Amino acid sequence: MSSKTSRRGNGEGSIVQRRDGSWMFSQRLGKDPETDRPLRLVVYGATRPELLRTVADEKARGGGKLRAREPVSVADYLTAWLRDDVKPQRSKNTFALYTSVVTKWLLPVTGNVRLDKFDPEAVKRVYARMREDGASTAVVNKAGVILHAAFEVRRKEKDRPNPVSRVETPRHAAGERRVLGKDAAQRLIAEIRKTSDNDDPLVSMWEVAIFTGLRLGELLGLKVDDVDFARRELHVRRQ
């Protein structure tokens with residue numbers, strides 16, 4: 001779908017339909033007095049009417065005038081970052097993953113911590129609190145990566161230090177993985193064949209999975225043309 005743009009007059013911003021069918025309103029709102037950089041309000045909606053209602057709500061919240069959002073807490077900042085930076089620029093899967101980690105782990109921990117008070121010691125407290133709440137090392141590591149990415153945007157836009165970069169991100173050491181031996185793999189395939197119909201295509205998929213180690217997305221993307229029977233080769237071209 002090609003994007004559609006409609007301008008609402010001088011000083012009224014623009015409305016754009018994005019490639020995924022959603023709508024975006026954007027308006028420049030002067031300059032940041034601290035950095036002299038342009039301030040811009042960006043709002044999203046699933047439909048044009050929904051977008052217009054959201055813009056109206058923003059205007060009402062600003063006392064009849066659209067105002068640039070200036071998050072005052074870390075939680076507010078992370079929420080705005082997901083909406084304004086991650087969602088428009090990253091894949092849907094990345095946005096979903098970041099939103100899940102931020103919502104489940106970071107927002108409850110950061111709470112009402114003031115944005116200007118979020119220093120390296122505060123970052124350490126976030127990691128410690130996550131561990132106390134039962135987060136695994138892998139989750140804490142992912143949260144650290146997400147925090148760093150979020151505050152890197154602020155560093156570039158506001159010329160402020162990134163507090164996360166001054167704290168070592170907790171490392172996740174993957175545990176030793178157990179793999180099937182030749183005999184175990186053959187027994188597994190024998191059981192699959194025994195409990196399935198001879199023409200069940202899933203039997204072949206299981207066999208390819210066991211003997212190649214392909215991931216599920218790669219397996220589901222395979223086509224007959226990907227098999228070179230003469231050379232006994234399998235080419236993974238898509239997911």
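Scoring rules and cut-offs
- Residues numbered from 1 in each chain as written.
- Predicted model: local features only at pLDDT ≥ 70, side-chain atom pairs only at ≥ 80, totals over all residues.
- Heavy atoms only, no water.
- Helix = DSSP H or I, 4+ residues; strand = E, 2+ residues; numbered from the N terminus.
- Buried < 20%, exposed > 50% of the residue type's maximum accessible area, 1.4 Å probe, protein only.
- Contact = heavy atoms within 4.5 Å.
- Areas by Shrake-Rupley, 256 points an atom, 1.4 Å probe, with all protein chains shown as cover.
- pLDDT = per-residue confidence, 0-100.
- Salt bridge = Lys/Arg side-chain N within 4 Å of Asp/Glu carboxyl O.
- Axes fitted to C-alpha atoms, helices over the stretch in contact; angles between N-to-C directions.
- Parallel < 35°, antiparallel > 145°, perpendicular 65-115°, else oblique.
- Nonpolar A, V, L, I, M, F, W, Y, C, P; charged D, E, K, R; others polar.
- Core = buried A, V, L, I, M, F, W, Y, C linked by side-chain atoms within 4.5 Å.
- Pairing = 2+ DSSP bridges.
- Phe/Tyr/Trp six-rings, centres within 6.5 Å; stacked < 30°, edge-to-face > 60°.

(A) Summary view of the overall build of the chain. The secondary structure content of the chain amounts to eight helices and six strands. When the elements of the chain are put in sequence order from the N terminus, they spell out β-β-β-β-α-α-α-α-α-α-α-α-β-β. Expressed as a percentage of the 239 residues in the chain, the buried residues total 31%. Taking all contacts inside the chain whose residues are at least 6 apart in sequence as the whole, residues at least 24 apart take part in 43%. Summed over its atoms, the accessible surface of the chain is roughly 16,300 Å², and 49% of this surface lies on carbon and sulfur atoms.

(B) Just the confidence of the model for the chain, in detail. Residues with a pLDDT of 70 or more make up 87% of the chain, whose mean pLDDT is 83. Mean pLDDT per element in the chain: strand β1 (residues 4–7) is the minimum at 54, and helix α4 (residues 120–132) is the maximum at 93.

(C) Molecular detail of the pattern of salt bridges. Using the criterion set out here, one finds ten salt bridges in the structure. Between Arg-83 and Asp-84 there is a salt bridge, with its nearest N and O atoms 2.9 Å apart. A residue is classified by how much of its surface remains accessible, and Arg-83, at 26% relative accessible area, is partly exposed. Residue class for Asp-84 comes out partly exposed when judged on its relative accessible area of 24%. A salt bridge links Arg-238 to Asp-226; the nearest nitrogen and oxygen atoms lie 2.7 Å apart. Residue Arg-238 is found in the segment after β6 (233–234), and its partner Asp-226 is found in the loop between α8 (216–220) and β5 (227–228); the two are separated by twelve residues along the sequence. Residue class for Arg-238 comes out partly exposed when judged on its relative accessible area of 31%.

(D) Layout of the packing of helix α2 (residues 74–89) against helix α5 (residues 137–158). One can describe the packing of α2 onto α5 by two numbers: an axis separation of 10 Å at closest approach and a directional angle of 85°. As judged from the angle between their axes, α2 and α5 are roughly perpendicular. For the pair formed by α2 and α5, the contact residues are Val-74, Tyr-77, Leu-78, Trp-81 and Asp-85 on the first element and Ile-146, Leu-147, Ala-149, Ala-150, Phe-151, Val-153 and Arg-154 on the second.

(E) Representation of the packing of α2 against helix α3 (residues 92–110) in the model. Interaxial distance between α2 and α3 falls to 10 Å at its minimum, and their mutual angle equals 170°. Of the possible angle classes, the one that applies to α2 and α3 is roughly antiparallel. Each of Val-74, Ala-75, Leu-78, Thr-79, Trp-81, Leu-82, Val-86 and Lys-87 in α2 lies in contact with α3, whose residues at this interface are Phe-95, Tyr-98, Thr-99, Val-102, Leu-106, Leu-107 and Thr-110. Along the lines of polarity and charge, the residues of the contact of α2 with α3 split into eleven nonpolar, three polar and one charged.

(F) Focus on the nonpolar core. Judged by nonpolar contacts, the single largest core of 29 residues is most densely connected at Leu-78, Trp-81, Leu-106, Met-130, Leu-147 and Phe-151. Among the secondary structure elements, those contributing two or more residues to this core are α2, α3, α4 and α5. The dominant element in this core, judged by the number of residues it contributes, is α5, at seven residues. The contacts of Leu-147, once residues within four sequence positions are left out, are Leu-78, Leu-106, Val-126, Tyr-127 and Val-164. Core analysis: the second largest hydrophobic core is formed by nine residues, Trp-23, Phe-25, Leu-29 and Val-43 among them.

(G) Quick look at unusual backbone geometry. For Arg-232, which is not a glycine, the phi torsion comes out positive at approximately 55°. With respect to the element layout, Arg-232 can be found in the loop between β5 and β6. Residue class for Arg-232 comes out exposed when judged on its relative accessible area of 79%.

(H) Region of interest: the pairing of strand β2 (residues 14–17). Burial of the side chains of β2 extends over both faces: Ser-14 and Val-16 are buried on one face and Ile-15 and Gln-17 on the other. Note: β2 against strand β3 (residues 23–31), four bridges, orientation antiparallel. When the bridges of β3 are listed, Ser-14 appears paired with Ser-26. Joining the antiparallel neighbours β2 and β3 is a turn of five residues, in which Gly-21 adopts a positive phi near 95°.

(I) Spatial organisation of the packing of aromatic side chains. Applying the stated criterion to the full structure yields three aromatic pairs. With a centroid separation of 5.1 Å and 45° between ring planes, the pair formed by Tyr-77 and Phe-151 is classed as tilted. Pair noted here: Tyr-77 is in helix α2 and Phe-151 is in helix α5, with a separation of 74 residues, a long-range link. Neither residue differs from the other here; Tyr-77 and Phe-151 are each classed as buried. Between Trp-81 and Tyr-98, the ring centres sit 5.9 Å apart and the planes meet at 20°, which makes this aromatic pair stacked. One end of the pair, Trp-81, is in helix α2; the other, Tyr-98, is in helix α3, and 17 residues separate them in sequence. Each member of the pair, Trp-81 as well as Tyr-98, carries the same accessibility label: buried. Here the aromatic cluster, defined as three or more aromatic residues joined through ring pairs, consists of Tyr-77, Phe-118 and Phe-151.

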